[in-house]
Amino acid sequence: MNPADEILDVVDEHDRVIGQLPRGEVYRRGLRHRCVFIQARDAAGRLFVHRRTATKLVFPALYDPFVGGVVGAGESYDEAALREAEEELGVSGLPRPTHLFTFLYDDGAGKTWWSAVYEVRCELPVNPQVEEVQWHAFLSEAEVEARLGEWEWVPDGLAAYERLAEFRAGNTGHAEN
């Protein structure tokens with residue numbers, strides 16, 4: 001199926017479903033929907049980082065410190081987190097990702113979605129989808145931090161990364177769940 005044809009739940013400012021539309025129309029009209037962000041670490045604790053393909057509908061060819069994507073119509077955040085992590089990492093049999101918090105991402109220019117942030121340990125060999133991932137590596141925290149100012153990152157992933165750092169530091173003032 002063409003990703004633009006996937007049906008998404010449209011939600012309000014309180015994350016309540018108010019309708020369903022194809023992803024392409026949701027994006028075109030700047031309607032609020034749901035997404036999941038999963039921070040994947042390998043057995044050594046390094047973070048999975050990837051560069052999105054140039055064909056992605058949103059934020060093409062940018063780097064991302066998370067795997068994840070949209071939550072389909074009628075799908076729970078937890079179901080989407082496991083599905084997206086397995087799809088993007090190219091594995092099956094991952095443990096269920098752990099939900100950490102949820103926040104409302106809004107860039108003020110028509111990109112807005114409820115964002116559920118998860119973490120998962122991936123000790124399996126990864127084989128990312130070529131349609132989704134142009135480049136990937138497991139990087140140490142220090143390597144990721146060093147590249148934050150060098151590489152062009154997806155803005156929603158960067159917002160989630162910063163909120164996750166605050167969450168882990170015990171300052172959950174921005175997290176909404």
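Residues numbered from 1 in each chain as written. Predicted model: local features only at pLDDT ≥ 70, side-chain atom pairs only at ≥ 80, totals over all residues. Heavy atoms only, no water.

A look at the overall build of the chain
So, point 1. Looking only at helices and strands, the chain features four helices and nine strands.
So, point 2. Taken from N to C terminus, the helices and strands of the chain fall in the order β-β-α-β-β-β-β-α-β-β-β-α-α.
So, point 3. Whereas a compact globule of 177 residues would reach a radius of gyration of roughly 16 Å, the chain reaches 15 Å, a difference of no more than 12%.
So, point 4. Oriented by its inertia axes, the alpha-carbon framework of the chain measures out at about 45 × 40 × 30 Å. (Helix = DSSP H or I, 4+ residues; strand = E, 2+ residues; numbered from the N terminus. Rg over C-alpha atoms; globule rule 2.2 N^0.38 Å.)

A word on the UniProt feature "binding site: Mg(2+)" (unreviewed entry) in the chain
So, point 1. The positions that UniProt labels "binding site: Mg(2+)" (unreviewed entry) are, in the present scheme, Glu84 and Glu88. Of the annotated positions named here, the largest pocket is lined by Glu84 and Glu88.
So, point 2. Its location among the elements puts glutamate 84 in helix 2 (residues 77-89).
So, point 3. For glutamate 84, a relative accessible area of 6% puts it in the buried group.
So, point 4. When neighbours within four sequence positions are excluded, glutamate 84 is seen to be in contact with Val36, Ile38, Gly68, Gly69 and Val70.
So, point 5. Once residues lying within four places of it in the same chain are set aside, the contact partners of glutamate 88 are His50, Val67, Gly68, Pro128, Gln129, Glu132 and Val133. (UniProt positions renumbered as here; feature names shortened; annotations may be inferred. 1 Å grid on protein atoms, 1.4 Å probe; cavity = no way out; pocket = protein on both sides within 12 Å on 5 of 7 lines; lining within 4 Å. Buried < 20%, exposed > 50% of the residue type's maximum accessible area, 1.4 Å probe, protein only. Contact = heavy atoms within 4.5 Å.)

A closer look at the side chain of aspartate 64
So, point 1. You can see aspartate 64 is positioned in strand 5 (residues 63-64).
So, point 2. One buried charged residue, aspartate 64, forms no salt bridge at all, with the nearest opposite charge on arginine 52 at 4.1 Å.
So, point 3. A distance of 3.0 Å separates the side chain of aspartate 64 from the backbone nitrogen of phenylalanine 66, its partner in a polar contact.
So, point 4. If sequence neighbours within four positions are ignored, aspartate 64 has contacts with Phe48, Val49, His50, Arg52, Trp153, Val154 and Gly157. (Lys, Arg positive; Asp, Glu negative; His and termini not counted. Salt bridge = Lys/Arg side-chain N within 4 Å of Asp/Glu carboxyl O. Polar contact = N/O pair within 3.5 Å; in protein donor to acceptor, adjacent residues only side chain to side chain.)

Remarks on the side chain of lysine 56
So, point 1. Relative to the helices and strands, lysine 56 resides in the loop between strand 4 (47-52) and strand 5.
So, point 2. Using a relative accessible area of 18% as the deciding quantity, one classes lysine 56 as buried.
So, point 3. Setting aside residues no more than four positions away along its own chain, lysine 56 makes contact with Glu131 and Glu132.

Some points on the pairing of strand 4
So, point 1. Of all six residues that make up strand 4, five are buried, and the element is covered over most of its length.
So, point 2. Of the strand pairs in this sheet, strand 4 and strand 9 (residues 133-139) are connected by six bridges, and their pairing is antiparallel. Across the sheet, residue histidine 50 finds its bridge partner in strand 9, namely histidine 136.
So, point 3. Relative to strand 5, strand 4 runs antiparallel, the two sharing two bridges. Across the sheet, arginine 51 pairs through a bridge with tyrosine 63, a residue of strand 5. (Pairing = 2+ DSSP bridges.)

What about the packing of aromatic side chains?
So, point 1. Within the structure shown, the criterion is met by eleven aromatic pairs.
So, point 2. Centre to centre, the rings of phenylalanine 59 and tryptophan 113 are 6.4 Å apart; their planes meet at 65 degrees, and the pair counts as edge-to-face. A residue pair is termed long-range when its members are at least 10 positions apart, and phenylalanine 59 in the loop between strand 4 and strand 5 and tryptophan 113 in strand 8 (residues 112-121) qualify at 54 residues. Residue phenylalanine 59 shares its accessibility class with tryptophan 113, and that shared class is buried.
So, point 3. Members of the aromatic cluster, connected to one another through ring pairs, are Tyr63, Trp135, Trp151 and Trp153. (Phe/Tyr/Trp six-rings, centres within 6.5 Å; stacked < 30°, edge-to-face > 60°.)

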